[in-house]
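Chain residues, written in single-letter form:
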Amino acid sequence: MYASHPPSANTEQGHHHMPSPAAITDPELLMQMMEQMSILFDCVRRAAPQEAELLAEILPQVLIDFFPASDVVNRVISEFISPGQPHPALLAGVLRQIFRAAVDQDQQGMLTEWVLVSLPNFTRRSPISYSIWCLTCFFIAASANPCLQAMFPHLLYRGGSGTGGGGSRSNVQESVITREDRRPAALSHDERRLFCLAAVDFYSFLTDVKLKQKFRETFESAAEPGNPYADLLAALEHKEESQS
């Protein structure tokens, strides 16, 4: 459910501060603005693929111009992970730009908290191949690692389909939904590896022991022998052993 204020946050790392729009304090005006934001997301949801692509290109800038990132991060996450979302790859692109705006507005701590709070919603998605695609998008969108950021467009065009492919973004949306509705294909080695790299990268920036514990517990509850979540836990254990 959408809330305009994030959970309590601890700043994880410094970043160049960029002024954000002033927070809306008038309750009536805030309600009106939130309703308008809902209309924008509903337009994307109902649009045909080509129309949705055009809307998704302008949506991040509209949100950034009128709202502090802290007021829209949770709503964008909710839209991205919504089971009925027909354009997940386009929403992943919107998510990435809002995450970048949050970092530019010196909101890294808030962003970290929202990512952690949202993780169980991703691990519960099925099939696991689609869950891994969503989580990989999620972690890379939140990452400041330029190497991982460079993989984001490739990840969108693969669309979590495991087929390589390419083509237009509208076709990618269809491939993601098709995969969600059919028997999942096995994840490739590259898909598993990219997921682990992105997740370990996010984990490495957590300085609070309690946040690290929350991260691990989320994946421990979803891990089974041989699945990507078990691979991730093994990678985290190896990383911590190598640092000790």
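Quick note: structure is the one above.
Residues numbered from 1 in each chain as written. Predicted model: local features only at pLDDT ≥ 70, side-chain atom pairs only at ≥ 80, totals over all residues. Heavy atoms only, no water.

Here's the deal with the pattern of salt bridges
Going by this rule: Definition used for salt bridges: Asp or Glu carboxyl oxygen within 4 Å of a side-chain nitrogen of Lys or Arg. Secondary structure elements follow DSSP: runs of H or I no shorter than four residues count as helices, runs of E no shorter than two count as strands, and numbering proceeds from the N terminus. The cut-offs for exposure are 20% and 50% of the maximum accessible area for each residue type, with area from a 1.4 Å probe on protein chains only; residues under the lower value are buried, those over the upper are exposed, and the others partly exposed.
Taken as a whole and judged by the stated rule, the model has four salt bridges. Across the pair E79 and R75 runs a salt bridge, and its minimum N-O distance is 3.1 Å. Of this pair, E79 and R75 both sit in helix α3 (residues 69-81), separated by four residues, roughly a single helical turn. A single burial state applies to E79 and to R75, both of which are buried. Residues R192 and D231 are paired through a salt bridge, measuring 2.5 Å at the closest nitrogen-oxygen approach. With R192 in helix α10 (residues 189-204) and D231 in helix α12 (residues 228-243), this pair connects stretches of sequence that are 39 residues apart.

Section: helix α6 (residues 128-142)
For the α-helix, the turn length of 3.6 residues means that residues three or four positions removed from each other point alike. Stated precisely, the cut-off is as follows: Here the expected span of a helix is defined as 1.5 Å times the quantity of residues minus one.
Between its first and last C-alpha, α6 extends 21 Å over 15 residues, near the 21 Å set by a 1.5 Å rise per residue. By the criterion of burial, α6 is predominantly enclosed, with 14 of the 15 residues buried.

Quick word on the packing of aromatic side chains
Note the cut-off: Aromatic contacts are taken between Phe, Tyr and Trp rings whose centres are within 6.5 Å, Trp giving its six-membered ring; a plane angle under 30 degrees counts as stacked, one over 60 as edge-to-face, and the others as tilted.
Throughout the structure, instances matching the rule amount to 14 aromatic pairs. Ring geometry for F195 against F219: centres 6.3 Å apart, planes inclined by 65°, an arrangement best described as edge-to-face. Taken together, the residues span a long stretch of sequence, with F195 in helix α10 and F219 in helix α11 (residues 209-220) at a distance of 24 residues. For the pair formed by F195 and F219, the shared burial category is buried.

A few points about the environment of F41
Quick note on the threshold: Note on definitions: a residue-residue contact is assigned when non-hydrogen atoms from the two residues lie within 4.5 Å.
Checked against the element boundaries, F41 lands in helix α1 (residues 27-46). Residues F41 and A52 lie eleven residues apart in sequence; the distance between their C-alpha atoms is 9.9 Å. Apart from the residues lying within four places of it in its own chain, the contact partners of F41 are L59, L63, R75, V76, E79 and L91.

Scope: geometric values only; no functional claims are made or implied.
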